[in-house]
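Architecture and fold: a report
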Amino acid sequence: MKDIRELDRIFNPQTVAVVGDKAEMGYMWLRNMSTFEGRLYSVQIDPKEIPGIEALGVKNYTSLLDIPEPIDYVLVAVPRQVTPRIIADCITKGVGGVALFSSGFAETGTEEGIRLQDIITEMARKAELKLIGPNCMGIFNPRLGIRNGFNQYYGEGGPVGFISQSGTHSIWFSEVGVLNGVKVSKSVSYGNAVVLDSTDYLEYLSQDEETEIIGIYIEGVKDGRRFFKVLRETTPHKPVIIWKGGVTDDGARATASHTGVLAESPVIWDAVIKQCGAIKVDNLEEMVDAVKALLYLKPTKGDRVGLIAMSGGQSVVVTDTFARDGLRVPTLSDESYAEFATFFNIVGSSYRNPLDISSNLGSVDLVLRMIKILGRDENVDAVVLELAMDFLARVVERGGGFLEQLLDGMVDFKERSPKPFLAILVPGSEEVAAVEARGRITERGIPCFPDFHRGANALKKVVEYHRFLTTQS
Amino acid sequence: MTVSEIVANARREGRTNLTEIESKELLASAGINTTKLKIAKSREEAISLGKESGFPVVLKIHSPDIIHKSDVGGVKLGLGGEDEVGRAYDEIITSVKQSQPEARIEGIAVQHMARPGTEVIIGMTKDPQFGPVIMFGLGGVLVELLKDVSFRIVPLARRDAREMIREIKGYPLLEGYRGQEPADIAYLEEMILKVSEFVDNNSEVREIDLNPIFAYSDGAVAVDARVILEER
């Protein structure tokens, strides 16, 4: 792998320049960067724009070359035809790297767009300028306050690196993620990838100490061999989750064994992901779920689940869902059954696994005792608790801080048990309350999912990743 | 002939398609078990090669210009004795001359007909992004109809070979479904790894098709093989 310091100057800059921001765009880039901890500069030649920029408290120069100190990261938002001139200035200035928000290049399919893209690519390559994009949002580093959007958080970052060919997905991953207890260490939206490509960022985040898990949204890669190699080197020490965009052919034309091409690329991507021990997801929710599970669940190779549901009907359906998603719901040990027999009210309930605890919801202590029995059971690798918002709402109405007490007990169990423990809070008819309650559970470090499938699928990915790790030794 | 001699010879003749004999020689040099064949230039030679390899035998047209041998009546299977071989020789020559008169006939390949086993295929093609990719699947109708195949990128680790065999839906057939002879899975894994290694070491190979391979409870053999070279 390459030396991490090559990209570190861009991901951890001390000085940033925004080129070409203007009132028409609501000074979006200067506002995005207003939280930057280091020194921020603006470059704008239009005298009409300068007062507005200075009103934001940002010092403006009419040329990048006039800024009286080195610049680590440049965000360029000028019209496409001006980009060659700005790239030339970046090269002269010796900046750490530049992200081109400017668009209208090869992605338009027009002669002019392709020509301009070729020009800036050639200039950057020749000068070894680190170019991100064009047609991208660039770097997000919450710890340093470098952002892609004004609603993104800043101050404290997290342990998740995100590499995205799309700006929307990059921003949404951070915004949806944070609601799920998932925060970003560093992310990059990299667009057309004419110089730096996904593999360069993967190589960097693979070695970045702040980053423990890596998510990737990718539409295509230029040098697949290198991507394959770096991915394979990364997964044994950091989980990598891949969301491949642009997969419309599910492999129907995949095999024509004696005529030319054996495979279309969707199946090849699947093979790459599997072979490298990466984790495949298909949408933003699944990406966030997988990251959340890997971040908060204790490691396990076992797929046997102890399930607790708050009603009979739910106990059946949660079992079906977990089984369908490739997990097992075993019978429990004799010790567990003997203990349940001493206290469990079986009128209207049952404890075979799944547990239907509807008539045992009287006290928090009872519920916690059941969780602990499952946690001790040798047939169980992971414990799942279903919480139904309708039920919770009713016990909450009765007062007594049911959910708070339950949460304290759940956190205590999570900290002591070596087994993964997750909650699934289904909304029933209480959508709004469910969102709030899920937030409270997640806040305490217990991953909480909105439906059975999403919980099962996320747990399955954790199991698969840890199984993959054991094949590495 | 060595690998480089076979390649050089094909290049000299302006071919990227290797003949079955050349393909099998290349693969044999990589340690891949194939049925051996020899070229008969005459009816008499075909009979004597048949005796030498042991009946039953298979006769196949040998021509650098013919890729799909069955389509031109160029293949005769299960020939149990000298008379049958003689007759088959004549029939092949007549049929090929009729359906593809311009083809250069360099003789007829004679090989011992392998005992039938569970048919599997191993293939290699090059993906524009990821380079050489190995495919494994069950042979015959199952691969064509059900697309029941798995893929891995070269170079493969042993784990990859293990997984790609077990990944196909028809895997129970290889374990000996309903009294059928089970396949020697470890041997197939080894075969996949040898193809991967061969491809990794010979970048001028563009495509490989081992189809079918007969898998037995002890070992396996590629009955037909096709190798295509890169266009330079």
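Conventions used here
- Residues numbered from 1 in each chain as written.
- Chains lettered and ligands numbered in written order.
- Predicted model: local features only at pLDDT ≥ 70, side-chain atom pairs only at ≥ 80, totals over all residues.
- Helix = DSSP H or I, 4+ residues; strand = E, 2+ residues; numbered from the N terminus.
- Buried ≥ 20, exposed ≤ 12 C-beta atoms within 10 Å, placed from the backbone.
- Rg over C-alpha atoms; globule rule 2.2 N^0.38 Å.
- Contact = placed C-beta atoms within 7 Å.
- Domains from an automatic or database assignment.
- Nonpolar A, V, L, I, M, F, W, Y, C, P; charged D, E, K, R; others polar.
- Core = buried A, V, L, I, M, F, W, Y, C linked by C-beta atoms within 7 Å.
- Pairing = 2+ DSSP bridges.
- Axes fitted to C-alpha atoms, helices over the stretch in contact; angles between N-to-C directions.
- Expected span 1.5 Å × (residues − 1).
- Parallel < 35°, antiparallel > 145°, perpendicular 65-115°, else oblique.
- Left-handed = near helix turned anticlockwise from the far one by under 90°.
- pLDDT = per-residue confidence, 0-100.

Glancing now at the overall build of chain A. Of the regular secondary structure elements, chain A holds 17 helices and 17 strands. Considered along the principal axes of its C-alpha atoms, chain A spans approximately 80 × 65 × 35 Å. Per-residue burial for chain A yields a buried fraction of 50% across its 473 residues.

Another point: the overall build of chain B. The secondary structure content of chain B amounts to 8 helices and 10 strands. In terms of C-alpha radius of gyration, chain B reaches 18 Å, essentially the compact-globule figure of 17 Å for 232 residues. Overall, the C-alpha framework of chain B stretches about 50 × 45 × 30 Å when taken along its three principal axes. Buried positions account for 44% of the 232 residues belonging to chain B. When contacts within chain B are restricted to residue pairs at least 6 apart in sequence, those whose partners lie at least 24 apart make up 62%.

Here we come to the domain arrangement of chain A. Residue and element names in this part refer to chain A. Here the domain parsing of chain A yields domain 1 (1-135), domain 2 (136-296) and domain 3 (299-470). Here the C-alpha centroids of domain 1 and domain 2 sit 24 Å apart. Facing 33 residues of domain 1, the contacting portion of domain 2 comprises 29 residues. Of all elements in the fold, only helix H1 (5-11), helix H2 (28-32), strand S4 (73-76), strand S5 (97-100), helix H5 (111-127) and strand S6 (131-132) reach the threshold of two or more residues within the side of domain 1 that touches domain 2. For the side of domain 1 that touches domain 2, the class distribution of residues is 19 nonpolar, 8 polar and 6 charged.

Moving on, we come to the nonpolar core. Counting residues in hydrophobic clusters, the biggest one holds 193 residues, and the most contacted among them are Ile134 and Ile213 of chain B. Ranked by residue count, the leading element in this core is helix H10 (residues 284-296) of chain A, at 8 residues. Excluding anything up to four places from it in sequence, Ile134 of chain B contacts Ile122, Met124, Phe151, Arg152, Val154, Leu156, Ile192, Val195 and Ser196 of chain B. In this structure, Val57, Ile61, Leu79 and Ile108 of chain B belong to the second largest nonpolar core, which totals 21 residues.

Another point: the domain arrangement of chain B. Residues and elements named next belong to chain B. Per the domain assignment, the segments making up chain B are domain 1 (3-112) and domain 2 (118-229). Centre-to-centre separation of domain 1 and domain 2, based on C-alpha positions: 24 Å. With 17 residues of domain 1 at the interface, the matching set in domain 2 holds 18 residues. Secondary structure elements with two or more residues in the side of domain 1 that touches domain 2: helix H1 (3-12) and helix H2 (20-29). Considering each element in turn, the side of domain 1 that touches domain 2 owes the most residues, 5 residues, to H2. Grouping the constituent residues of the side of domain 1 that touches domain 2 by class yields 8 nonpolar, 7 polar and 2 charged.

The subject of this paragraph is the sheet that holds strand S1 (residues 15-19) of chain A. Residues and elements named next belong to chain A. Spatial ordering of the open sheet is given by S3-S2-S1-S4-S5-S6, a layout of 6 strands whose pairing is parallel. With partners counted over all chains shown, the strands left at the sheet margins are strand S3 (59-61) and S6, one partner each. Sheet topology note: the strand S2 (residues 39-43)/S3 ladder contains 3 bridges and is parallel. Within S3, the residue paired with Val43 across the bridge is Tyr61. Packed onto the sheet, helix H4 (residues 83-93) meets S1, S4 and S5 and runs at close to 170° relative to S4.

For the rest of this paragraph, the subject is the environment of Glu49 of chain A. Residues and elements named next belong to chain A. Position of Glu49 among the secondary structure elements: in the loop between S2 and helix H3 (50-55). Owing to 18 C-beta atoms within 10 Å, Glu49 belongs among the partly exposed residues under this scheme. Along the chain, Glu49 and Asn60 lie 11 residues apart, while their C-alpha atoms are 9.8 Å from each other. The residues touching Glu49, leaving out its near neighbours within four places in the chain, are Lys22, Ala23 and Gln44.

All right, on to the sheet that holds strand S3 (residues 75-79) of chain B then. All names here are of chain B. On the basis of which strands lie adjacent, the open sheet formed by 4 strands has the order S1-S4-S2-S3 and antiparallel pairing. The strands lining the two open edges of the sheet, one partner per strand, are strand S1 (37-40) and S3. Looking at each pair of strands side by side, their axes are set apart by 25° on average, direction ignored. Relative to strand S4 (residues 107-112), strand S2 (residues 57-62) runs antiparallel, the two sharing 6 bridges.

So, about helix H6 (residues 167-179) of chain A. Residue and element names in this part refer to chain A. For H6, spanning 13 residues, the distance from its first C-alpha to its last is 19 Å, which sits close to the expected 18 Å at 1.5 Å a residue. Residues of H6 that are buried: Gly167, His169, Ser170, Ile171, Phe173, Ser174 and Gly177. Next to the buried residues of H6 lie strand S7 (138-140), strand S8 (160-164), strand S9 (184-189), strand S10 (213-218) and H10. Just beyond H6, the residue with positive phi is Gly181, at close to 75°.

Turning our attention to H10 of chain A. Between its first and last C-alpha atoms H10 of chain A spans 18 Å; for 13 residues at 1.5 Å apiece the expected length is 18 Å, and the two agree. Among the 13 residues that make up H10 of chain A, 10 are buried, leaving the element largely enclosed by the rest of the structure.

Working note: a packed helix pair is described by the angle between its axes plus the distance between those axes. Residue and element names in this part refer to chain A. Put simply, H10 and helix H17 (residues 452-470) touch, their axes get as near as 9 Å, and they point 55° apart. Taken together, the axis directions place H10 and H17 in an arrangement best described as oblique. Crossing of H10 over H17 shows right-handed handedness. Of H17, the residues touching H10 (which contributes Glu285, Glu286, Asp289, Ala290, Lys292, Ala293 and Leu294) are Arg454, Asn457, Ala458, Leu459, Lys461, Val462 and Tyr465. Considering only residue class, the contact of H10 with H17 consists of 7 nonpolar, 1 polar and 6 charged.

Attention now goes to the confidence of the model for chain B. Residue and element names in this part refer to chain B. Per-residue pLDDT for chain B has a mean of 92; in total, 98% of the residues score no lower than 70. Mean pLDDT per element in chain B: helix H5 (residues 141-146) is the minimum at 70, and helix H8 (residues 185-201) is the maximum at 97. For this predicted complex, the interface confidence reaches an ipTM of 0.86, while the overall pTM sits at 0.91.

Here the amide bond leading from Gly133 of chain A into Pro134 of chain A is cis, since omega sits at 5°, within 30 degrees of zero. For Pro134 of chain A, the position within the fold is in the loop between S6 and S7. Look at Tyr27 of chain A: it is not a glycine, yet its phi comes out positive at around 45°. With respect to the helices, strands and loops of the structure, Tyr27 of chain A is situated in the loop between S1 and H2. Although it is not a glycine, Arg178 of chain B sits at a positive phi angle of roughly 50°.

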